[in-house]
Amino acid sequence: MNKPSLRGARTLIIANFTASLFATSMLTASPALALDAVDFFNAMQAQAEAKGSKVTFGSLEAMGSDGARATGITIDNPKDKSSMMIGEMTLSGAEQMGEKAFAFDSLEASDITINTVSKRDDAPVAVRIGSISATGFNYPEVADRKLPLWPFEIDTGEITGVSITNAGKEGVTLNLPSMAVSGLKQHGENSFDLASLTIEPATGSFTASTGGSGEISIGAFSLSDFSLFGLGAYSIGNGHFDGMSLKGTTDQDQAFDFQMGAIDVAGLFSPDFSEGKEFSMPDGEMSATIGPMQLGIDGKQLMTFAGGKSNGRYDSATQVYSGEGTLDGLYINVMEFPVKPEQRKGLEQFAALGYDSVTLNGEFAGSWNVAEGTLDMTKYRLSADDMAAFDMAVSLGGYTIELGRQLQKISQAMNGAEDDETRQALSFQMLAAMSALTVREIRLTLEDDSLTGRVLEMQAAKAGQKKEDLVAAAPFMIGAMMGPLEIPEFASALSAAVGSFMSNPGKLTLSAKPGAPVSVAEIMGLGAAVKAGSVKPSEVIERFNVAVEAN
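This structure is a prediction, so every number in the text was calculated from the model and none was measured. Each chain carries its own residue numbering, running from 1 in the written order of its sequence. In keeping with the predicted nature of the model, local features appear solely for residues at pLDDT of at least 70, side-chain atom pairs appear and are counted solely at 80 or more, and the whole-chain, interface and lining totals rest on all residues. Note that the side-chain values use all heavy atoms of the structure and ignore hydrogens as well as water.

**Things to note about the pairing of strand E18 (residues 263-270)**
When DSSP finds at least two bridges between two strands, those strands are taken to pair. Labels follow the DSSP assignment, with helices taken as runs of H or I lasting at least four residues and strands as runs of E lasting at least two, numbered in each case from the N terminus. Bridge count for strand E15 (residues 233-241) against E18 is seven bridges, and the pairing is antiparallel. Each bridged residue has a counterpart across the sheet, and for phenylalanine 241 the counterpart in E18 is isoleucine 263. Sheet topology note: the E18/strand E19 (residues 284-290) ladder contains four bridges and is antiparallel. Its bridge partner lying in E19, isoleucine 263 is registered against isoleucine 290.

**Things to note about the packing of helix H4 (residues 401-416) against helix H5 (residues 420-434)**
Every angle, taken between N-to-C directions, lies between 0 and 180 degrees, and every axis is a line fitted to C-alpha atoms, over only the stretch in contact when it is a helix. Relative to each other, H4 and H5 sit at 170°, their axes nearing to 10 Å. As judged from the angle between their axes, H4 and H5 are roughly antiparallel. For the pair H4 and H5, contact is made by Leu403, Gln406, Leu407, Ile410, Ser411, Ala413 and Met414 and by Arg423, Leu426, Ser427, Gln429, Met430, Ala433 and Met434, respectively. Tallied by class, the residues present in the contact of H4 with H5 amount to nine nonpolar, four polar and one charged. These descriptions rest on fixed angle ranges, namely under 35 degrees for roughly parallel, over 145 for roughly antiparallel, 65 to 115 for roughly perpendicular, and the rest for oblique. The criterion used for residue contact is that any of the two residues' heavy atoms lie within 4.5 Å. Put simply, Ala, Val, Leu, Ile, Met, Phe, Trp, Tyr, Cys and Pro go in the nonpolar bin, Asp, Glu, Lys and Arg in the charged bin, and everything else, Gly too, in the polar bin.

**A few points about H4**
By this rule, a helix spans an expected 1.5 Å times one less than how many residues it contains. Over its 16 residues, H4 runs 23 Å from end to end, which matches the ideal 22 Å to within 8%, given 1.5 Å per residue. Burial classes: relative accessible area under 20% of the type maximum marks a residue as buried, over 50% as exposed, and values in between as partly exposed (1.4 Å probe, protein chains only). When H4 is considered as a whole, its buried residues turn out to be Leu403, Gly404, Arg405, Leu407, Gln408 and Ile410. Residues of H4 that are buried in the fold lie against H5.

**With respect to the pattern of salt bridges**
Take a side-chain nitrogen of Lys or Arg and a carboxyl oxygen of Asp or Glu: if they are within 4 Å of each other, that pair is a salt bridge. Counted according to the given criterion, the structure contains 13 salt bridges. Here lysine 300 makes a salt bridge to glutamate 336, at a shortest N to O gap of 3.2 Å. Taken together, the positions of lysine 300 in strand E21 (residues 300-315) and glutamate 336 in the loop between strand E22 (320-332) and helix H3 (344-352) put the pair 36 residues apart, joining distant regions of the chain. Judged by its relative accessible area of 43%, lysine 300 falls in the partly exposed class. Among the salt bridges present, the one from lysine 467 reaches glutamate 457, with a minimum N-O distance of 3.9 Å. A residue pair is termed long-range when its members are at least 10 positions apart, and lysine 467 in helix H7 (residues 467-482) and glutamate 457 in helix H6 (residues 451-463) qualify at 10 residues. A relative accessible area of 44% places glutamate 457 in the partly exposed class.

**What about the packing of aromatic side chains?**
Aromatic rings from Phe, Tyr and Trp, taking only the six-membered ring of Trp, are treated as a pair when their centres fall within 6.5 Å; an angle between ring planes under 30 degrees marks them as stacked, one over 60 as edge-to-face, and anything in between as tilted. All told, the structure shown has nine aromatic pairs when counted by the stated rule. Ring geometry for phenylalanine 192 and phenylalanine 226: centres 6.1 Å apart, planes at 50°, overall tilted. Pair noted here: phenylalanine 192 is in strand E11 (residues 191-199) and phenylalanine 226 is in strand E14 (residues 221-229), with a separation of 34 residues, a long-range link. You'll find phenylalanine 192 and phenylalanine 226 in the same group, each marked buried. Their ring planes at 45° and their centres at 6.4 Å tell us that phenylalanine 206 and phenylalanine 256 sit as a pair that is tilted. Note that phenylalanine 206 is positioned in strand E12 (residues 202-207) and phenylalanine 256 in strand E17 (residues 255-260), a separation of 50 residues in sequence. For phenylalanine 206, a relative accessible area of 4% gives the class buried. Through a chain of ring-to-ring contacts, three or more aromatic side chains come together here, namely Phe273, Phe279, Trp368 and Tyr399.

**Some thoughts on the layout of surface pockets**
Of the pockets and cavities examined, the second largest pocket occupies roughly 370 Å³. Grid points spaced at 1 Å over the protein atoms alone were grouped into cavities, where a 1.4 Å probe fits but cannot get out, and pockets, open sets with protein on both sides within 12 Å along at least five of seven lines, with lining residues defined by an atom within 4 Å of a point. Along its surface, the second largest pocket is lined by 15 residues, and Tyr321, Gly323, Ser367, Trp368 and Leu375 are the ones closest to its centre. At the level of elements, E18, E22, strand E23 (358-369) and strand E24 (374-384) are the ones that each hand at least two residues to the lining of the second largest pocket. Of the residues in the lining of the second largest pocket, the class split is 10 nonpolar, four polar and one charged. Grid points are joined across faces, edges and corners, and a volume is the space filled by probe spheres set on the points.

**Digging into the pairing of E15**
Alignment of E14 against E15, held across eight bridges, turns out to be antiparallel. The residue of E15 that forms the bridge with serine 224 is asparagine 238. Linking E14 back to E15 in an antiparallel pair, the connection comprises three residues, with glycine 230 at a positive phi of about 65°.

**Re a nonpolar patch on the surface**
A grouping of Tyr380, Leu382 and Phe390 is seen on the molecular surface, where their side chains present a nonpolar patch of about 240 Å² in accessible area. Relative to the assigned elements, leucine 382 resides in strand E24. Residue classification places leucine 382 among the partly exposed residues on the basis of a relative accessible area of 39%. Surface patches are drawn from residues lacking salt bridges whose relative accessible area is over 30%; two like charges belong together within 9 Å, two nonpolar side chains (Val, Leu, Ile, Met, Phe, Trp, Tyr) within 5 Å. Only the protein chains shown count as cover for residues, with accessible areas throughout obtained via the Shrake-Rupley method and a probe of 1.4 Å.

In short, the description is geometric, and any link to function would need to be established separately.
In structure tokens form, the structure reads like this:
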């Protein structure tokens with residue numbers, strides 16, 4: 001079940017509509033003069049046809065000295081298999097602002113249909129728009145304009161009566177009553193400020209490639225004080241999403257109901273890692289919260305999620321970013337989840353331990369010292385009620401601004417890659433870049449909450465023994481297994497710690513704190529050397545100062 005992309009829908013609407021309307025560089029230089037809007041339509045037609053498209057008008061007439069009205073507009077582009085039809089469009093207050101810059105006081109268009117094909121599976125995609133209106137529409141001068149229209153600016157804009165249909169195997173139909181924008185100001189090809197964006201609640205339907213189908217309800221969305229700048233850089237003043245729901249049937253004809261609660265963000269900021277740009281972040285709080293979720297199938301509650309939140313802040317005086325977050329009450333009704341026959345054995349073992357469900361919670365905390373290039377994950381804790389908790393802490397060095405630039409650049413390229421071969425090559429590049437990181441400290445902790453005792457009871461029963469006999473034999477078994485590694489001191493410490501943990505389950509901690517940081521590249525090299533036999537395991541234990549302790 002793929003959820004429809006509102007971002008993709010907005011991009012499709014804006015790109016096709018605006019590119020066809022304002023794709024002209026044929027206006028002569030004459031700043032801030034009244035412009036014959038009929039000439040603009042004619043210039044638009046000539047420019048589009050020079051690039052392989054065909055533009056026709058049903059009628060075209062002047063409205064005063066600086067306005068025009070066109071009806072029955074059709075634009076066909078055989079290169080990308082797209083077409084556009086506009087029932088009527090009116091321009092007023094046209095002004096020429098430069099050789100390749102102009103503005104309109106207002107723009108009105110109605111009865112718009114855009115037909116194209118999906119890049120994923122070549123399936124037909126249709127976008128229908130009841131009306132588009134904009135005030136203060138500006139087409140600024142850009143030195144190297146890669147797209148015929150973008151970027152542009154508007155004071156206010158509204159799109160009403162939007163429907164989007166993708167007729168592919170993973171089909172989606174979406175109906176959006178209204179979208180409104182204000183204060184769109186450009187700074188470059190992919191950089192802009194947006195005062196506000198609001199989207200009214202939407203409805204639709206979907207079909208999955210596996211055979212499932214259903215109805216979609218998408219809540220209202222609002223965004224204020226949004227800026228996009230640099231390579232993956234953005235800032236958000238406030239954002240709110242009312243949530244969504246999916247209802248339908250699975251490929252096995254089971255009724256399902258998924259509900260997602262509201263999402264709120266405030267003060268979010270992602271720095272600009274572009275080459276040559278000075279790294280900067282604002283002081284202040286950043287926060288995000290996600291509301292409850294639930295999933296039911298055939299009337300049975302399979303999953304619920306209480307919610308989550310995160311907070312972060314940057315201190316420009318110390319150049320340290322710090323943050324923390326929680327995920328609360330992820331309940332999974334394991335025994336009721338539909339599984340394939342070959343997966344039933346795992347469920348039977350889960351039930352044999354005395355469980356029918358699991359409730360997970362998460363806690364996370366960390367910091368990045370930009371000046372020193374150190375990245376510390378002080379807490380990564382996942383706990384399962386009445387089972388166990390896993391806690392990890394890692395301290396890394398070498399996470400510099402330059403490394404951040406490399407990773408961001410590779411990540412952007414991976415997002416835009418169209419084939420698996422390219423993505424695989426880029427993943428190797430990312431791995432190579434990350435090899436420069438150094439490991440300063442690692443700590444792994446297992447904290448028991450009844451799971452250890454249940455497992456011991458099960459294993460003892462299978463072996464026809466008592467749990468106490470299994471616990472007593474465990475240290476000797478561990479010592480025997482580790483004998484060939486020739487690390488007697490560590491083997492003895494591990495045997496004693498595991499024996500203590502099994503006798504009285506509490507905490508079992510494994511830590512590594514090398515005297516000097518070890519690069520990821522060196523770690524990979526040591527792993528290969530141990531496998532080849534040129535480095536002894538005892539040398540690795542000593543190099544990383546590995547220790548283990550219980551309770």
